[in-house]
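Now for the letters of each chain:
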Amino acid sequence: MSADESHANKAGCREVLSEVWAFLDNECDQKQREILRQHLDECSPCLEQYGIEEHLKILLARKCGGDHASAEFKERLRACIKEKVLERTQAKAEQ
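Source: prediction; values computed, not measured.

1. Quick notes on the packing of aromatic side chains
Evaluation of the coordinates by the stated rule reveals 1 aromatic pair. An angle of 70 degrees between the planes, with centres 5.6 Å apart, marks the rings of F23 and Y50 as edge-to-face. Placement of the pair is F23 in helix α3 (residues 20-24) and Y50 in helix α5 (residues 44-64), with a sequence separation of 27 residues. The ring of F23 carries R33 above its face, with NZ or CZ at 4.1 Å from the centroid.

2. Details of the UniProt feature "domain: Putative zinc-finger" (unreviewed entry) in the protein chain
Under the UniProt annotation, the feature "domain: Putative zinc-finger" (unreviewed entry) is placed at residues 13-46. In the segment residues 13-46, helix accounts for 79% and strand for 0%; the C-alpha atoms at its two ends are 7 Å apart.

3. Focus: α5
Each full turn of the α-helix corresponds to 3.6 residues, which orients residues three or four apart in the same direction. Under the 1.5 Å per step criterion, the end-to-end length of α5 is 30 Å for 21 residues, consistent within 8% with the ideal 30 Å. Turning to α5, its buried residues are C46, Y50, G51 and E53.

Conventions adopted
- Residues numbered from 1 in each chain as written.
- Predicted model: local features only at pLDDT ≥ 70, side-chain atom pairs only at ≥ 80, totals over all residues.
- Heavy atoms only, no water.
- Phe/Tyr/Trp six-rings, centres within 6.5 Å; stacked < 30°, edge-to-face > 60°.
- Helix = DSSP H or I, 4+ residues; strand = E, 2+ residues; numbered from the N terminus.
- Lys NZ or Arg CZ within 6 Å of the ring centre and 35° of its normal.
- UniProt positions renumbered as here; feature names shortened; annotations may be inferred.
- Expected span 1.5 Å × (residues − 1).
- Buried < 20%, exposed > 50% of the residue type's maximum accessible area, 1.4 Å probe, protein only.

Next comes the structure, spelled out in C-alpha cells:
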C-alpha cells in the first residue's frame, strides 16, 4: 500500500494517531506495535505526526524528567476520579 493509499484511509490514520502515545511509551502489545509500525512506515503524514509527538515526549521528559508523583498523591487522585465517576453514574441513573 502506498503512502497516498494509506493516508486515504483517514479512519485508519486516526486510529494509529490515537495510539501513538501508547506506542511511544511501549504500552501496547507486540501485535499492535507491529500494526502501528507498519502503518507509520507506509504513511508519511502519520509518520510526520509521530515524529512531532516523539519530539514532544522527549522535550517533556527533559523539562519534567525526574519528577514523580508521590504514592499519597496518586491515591488521592484515584479516589477523586472514582468519586466523580460515581457521581456521574448516579446523576445519569436519576435522569
